[in-house]
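Notes for the structure review
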Amino acid sequence: MKTEQILASLEAKHPGEKEYLQAVKEVLISIEDVYNEHPEFEKAKIIERLVEPDRIITFRVPWVDDKGEVHVNIGYRVQFNNAIGPYKGGLRFHASVNLSIIKFLGFEQTFKNALTTLPMGGGKGGTDFSIHGRSEAEVMRFCQAYMMELWRNIGPCTDVPAGDIGVGGREIGFLYGMYKKLARENTGTITGKGLEYGGSILRPEATGFGGLYFVNQMLQEHGMEIAGKTVALSGFGNVAWGAAIKATELGAKVVTISGPDGYIYDPEGISGKKIDYMLELRSSGEDIVAPFADEFKSAVFFPNKRPWEQKIDIALPCATQNELNAEDAQILIDNDIKCIAEISNMGCTSEATDLFIDNKILYAPGKAVNAGGVATSGLEMTQNAMHISWTPDEVDRKLHQIMNDIHNQCVEHGREGNYINYVKGANIAGFMKVAKAMMAQGVI
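Per-chain numbering applies: the sequence of each chain, read as written, is numbered from 1 onward. Residue-level local features of this predicted model are given only where pLDDT is at least 70; pairs of side-chain atoms are given and counted only at 80 or more, and the full residue set underlies all totals for whole chains, interfaces and linings. Note that the side-chain values use all heavy atoms of the structure and ignore hydrogens as well as water.

**Digging into the overall build of the protein**
The secondary structure content of the protein amounts to 17 helices and 14 strands. Atoms counted for the radius of gyration: C-alpha only. Globule rule: 2.2 Å times residue count to the power 0.38. On C-alpha atoms alone, the protein measures out to a radius of gyration of 21 Å, which is about the 22 Å that the 2.2 N^0.38 rule sets for 444 residues. Along the longest, intermediate and shortest principal axes, the C-alpha atoms of the protein span 60 × 55 × 45 Å. Accessibility here uses a 1.4 Å probe with only protein chains present; expressed as a share of the type maximum, an area under 20% marks a residue as buried, one over 50% as exposed, and anything in between as partly exposed. In the protein, buried positions account for 57% of the 444 residues. A total accessible area of about 17700 Å² is found for the protein, and carbon and sulfur atoms account for 51% of it. Strands are runs of DSSP state E lasting at least 2 residues, helices are runs of H or I lasting at least 4, and numbering of each runs from the N terminus. Note on areas: these come from Shrake-Rupley sampling with a 1.4 Å probe, and a residue is covered only by the protein chains present in the view.

**Describing the sheet that holds strand β4 (residues 121-127)**
Paired strands are those between which DSSP finds at least two bridges. The strand order across the open sheet built from 5 strands is β1-β2-β4-β3-β5, with neighbouring strands paired in mixed fashion. Across the chains shown, the open sheet's two edge strands, defined by having one partner strand only, are β1 (55-64) and β5 (159-163). Averaged over all neighbouring strand pairs, the angle between strand axes comes to 20°, with direction disregarded. In the packing of helix α5 (residues 99-115) onto the sheet, contacts are made with β1, β2 (70-81), β3 (87-93) and β4, and the angle to β4 comes to roughly 155°. Orientation is described by lines fitted to C-alpha atoms, with helices fitted over the stretch in contact, and by angles between N-to-C directions that extend from 0 to 180 degrees. Pairs of residues are marked as contacts when any of their non-hydrogen atoms sit within 4.5 Å.

**Looking at the environment of Glu-4**
In this fold, Glu-4 is placed in helix α1 (residues 3-13). Considered as a pair, Glu-4 and Leu-28 are 24 residues apart in the sequence and their alpha carbons are 9.3 Å apart.

**Re the packing of aromatic side chains**
The geometry of an aromatic ring pair is captured by the separation of the ring centres together with the interplanar angle, meaning the angle of the planes. Only centres within 6.5 Å qualify two rings of Phe, Tyr or Trp (six-membered ring in Trp) as a pair; their planes then separate them into stacked at under 30 degrees, edge-to-face at over 60, and tilted for everything else. Per the counting criterion, the structure on display carries 20 aromatic pairs. Pairing Phe-129 with Phe-142 gives two aromatic rings, centres 3.9 Å apart and planes at 5°, and the pair type is stacked. Placement of Phe-129 in the loop between β4 and α6 (136-150) and of Phe-142 in helix α6 is noted, with a sequence separation of 13 residues between them. For the pair formed by Phe-129 and Phe-142, the shared burial category is buried. By way of ring pairs, the aromatic residues Phe-59, Trp-63, Phe-93, Phe-129, Phe-142 and Tyr-146 are connected into one cluster. The rule is short: NZ of Lys or CZ of Arg within 6 Å of the ring centre and within 35 degrees of the ring normal puts a charge over the ring. For the cation-ring pair, Lys-103 lies above Tyr-20, with the distance from its terminal atom to the ring centre recorded as 4.0 Å. Sitting above the plane of the Trp-241 ring, Arg-282 keeps its charged end 5.8 Å from the centroid.

**Remarks on helix α10 (residues 273-283)**
What α10 keeps buried is the set Lys-274, Ile-275, Tyr-277, Met-278 and Leu-281. Along the long axis of α10, the arc covered by the buried residues comes to 150°, so they all point the same way. Among the exposed residues of α10, those oriented more than 90 degrees off its buried face are Lys-273, Glu-280 and Ser-283. Of the residues trailing α10, Gly-285 is marked for its positive phi of about 85°. By arc we mean the arc of the directions from the helix axis to the C-beta atoms, nothing more.

**Let's talk about the sheet that holds strand β10 (residues 314-316)**
On the basis of which strands lie adjacent, the open sheet formed by 7 strands has the order β9-β8-β7-β6-β10-β11-β12 and mixed pairing. One side of each edge strand has no neighbouring strand; the edge strands of this open sheet are β9 (300-303) and β12 (362-364). When the angles between neighbouring strand axes are averaged without regard to direction, this sheet yields 15°. Where β10 and strand β11 (residues 339-341) come together, 2 bridges link them in parallel fashion. Paired with Ile-314 across the strands is Cys-339, a residue of β11. The strands that helix α8 (residues 203-221) touches are β10, β11 and β12; relative to β11, the one it contacts most, it runs at about 150°.

**Here's the deal with unusual backbone geometry**
Positive phi, normally seen in glycine, also occurs at Lys-45, with a value near 55°. The topology assignment puts Lys-45 in the loop between α3 (39-43) and α4 (46-50). For Asn-322, which is not a glycine, the phi torsion comes out positive at approximately 55°. Along the polypeptide, Asn-322 turns up in the loop between β10 and α12 (326-334). Assessed through its relative accessible area of 27%, Asn-322 is described here as partly exposed.

**A short note on a nonpolar patch on the surface**
Here the term patch refers to residues with relative accessible area over 30% and no salt bridge, with like charges joined within 9 Å and nonpolar side chains (Val, Leu, Ile, Met, Phe, Trp, Tyr) within 5 Å. Salt bridge, as applied in this entry: a Lys or Arg side-chain nitrogen positioned within 4 Å of an Asp or Glu carboxyl oxygen. Together, Val-64, Val-70 and Val-72 line one region of the surface with nonpolar side chains, adding up to about 260 Å² of accessible area. You can see Val-70 is positioned in strand β2.

**Concerning the layout of surface pockets**
Only protein atoms enter the 1 Å grid used here, on which a cavity is any set of points holding a 1.4 Å probe that cannot leave and a pocket is any open set flanked by protein within 12 Å on both sides along at least five of seven lines; residues with an atom within 4 Å of a point are listed as lining. Grid points are joined across faces, edges and corners, and a volume is the space filled by probe spheres set on the points. The volume enclosed by the second largest pocket comes to roughly 620 Å³. Lining the second largest pocket are 24 residues, and of these Lys-25, Glu-26, Ile-29, Ser-350 and Asp-354 sit closest to its centre. Of all the secondary structure elements, the ones that give two or more residues to the lining of the second largest pocket are α1, α2 (18-36), α13 (350-358) and α17 (422-440). Among the elements that line the lining of the second largest pocket, the one with the most residues is α2, at 8 residues.

**Things to note about the packing of α12 against α13**
As a packed pair, α12 and α13 sit with axes 7 Å apart at the nearest point and diverge in direction by 25°. Classified by the angle their axes make, α12 and α13 are roughly parallel. Viewed along their axes, α12 and α13 form a crossing whose handedness is right-handed. Judged by residue contacts, Ala-326, Ala-329, Gln-330, Leu-332 and Ile-333 of α12 engage Glu-351, Ala-352, Leu-355 and Phe-356 from α13. Residues that form the contact of α12 with α13 fall into these classes: 7 nonpolar, 1 polar and 1 charged. Oblique is the label for every angle not falling under 35 degrees (roughly parallel), over 145 degrees (roughly antiparallel), or within 65 to 115 degrees (roughly perpendicular). By convention, the crossing between two helices is left-handed when the near helix turns anticlockwise from the far helix through less than a right angle, and right-handed when the turn is clockwise. Under this grouping Gly is polar, as are all residues other than the nonpolar Ala, Val, Leu, Ile, Met, Phe, Trp, Tyr, Cys and Pro and the charged Asp, Glu, Lys and Arg.

**Points about the pattern of salt bridges**
Summed over the entire model, instances satisfying the criterion amount to 18 salt bridges. The shortest N-O distance in the salt bridge between Asp-164 and Arg-92 comes to 2.6 Å. With Asp-164 in the loop between β5 and α7 (169-183) and Arg-92 in strand β3, this residue pair connects regions lying 72 residues apart in the sequence. With respect to class, Asp-164 is no different from Arg-92; both count as buried. Beyond isolated ion pairs, a larger network of salt bridges with shared partners links Glu-26, Glu-108 and Lys-367.

Right, here's the structure in full:
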């Protein structure tokens, strides 16, 4: 495989799509050796086919606000690869959304879903609409307008969207309600639904829970325990909330959360009522964490800063892509960090990732660590197809087993002497499953 040649070709075809190109480069470098051991992959042009999505659906989304003013946003759905199952991936509603971000997320999702061992392909969607500052009626009208354009391209055996940044339970309800009305069927076409209409128990917590199960196994693999460790989280939404709950249950102390306005440091630990307050912050409609310090005297707010400057044992990015850069990485290394795991998608820049690996720091990528969210979505699809509902213990047990299997795959393919390169392990394991499925199905 001529990695640099393929990357140069992609850059020429897709100039400026930095997030997408970053994600592709990371995977290609990791899998180069194993790819070259399979000349049949080269002959079938597996990489050239895999790095381009099956299709990209873009559409305008016109909607009317409460004052009667018309707005127009851009909607996307990237159906990346369905070699091992229906396209599966979330919808992101955020002002920063563009095609590069949706393509990078869809590409990553393909390998993440392969790692779960469940039959799900990779896809992603979203829009540059932001829910912040919008009334519930405006959010409902936007969701309905978005689904009016998308609904013909999705279905329980075709493409199954879920939530992501800006798309929580409320938005999923509005999207599913419109889909159901248009399609005239009540199926598991969207996951993350409310329990009253086909949702799975533990889905809101699943990404954070699964991430901590993975981190716990990483530490145990290297002779450490999570109990007693200090943890820095970024973000304060569903992912950080679930991570805070499970980290606390496992005996760790969470000391930070963050938002666009800065971060909170609480040396006493964020647990109990403080975790509950994260839900209040999220539901307030204001994308800020500063009020946390007003509510709890032990907490200190650091405006316009990131939490990685604190001396902690475990760093868990839980917000968005490239939120931890090389400067942050060096601070963590200098502070003797024990473990970094991305619970957000591609939470570290490529420079930060290189620093962690070069220094043999325990580090794992989002496609492995945060797969618990989509895994539980896959379990929701199964429950919908069977018209049953599992108990919390059943779902949690299955989630724990899936994260255990993902960790084992990473260890198997990523061991380099005494060091486990989780990036390499995750990429090779996910790639080989997708590549073999593509080979079996011919050139399509």
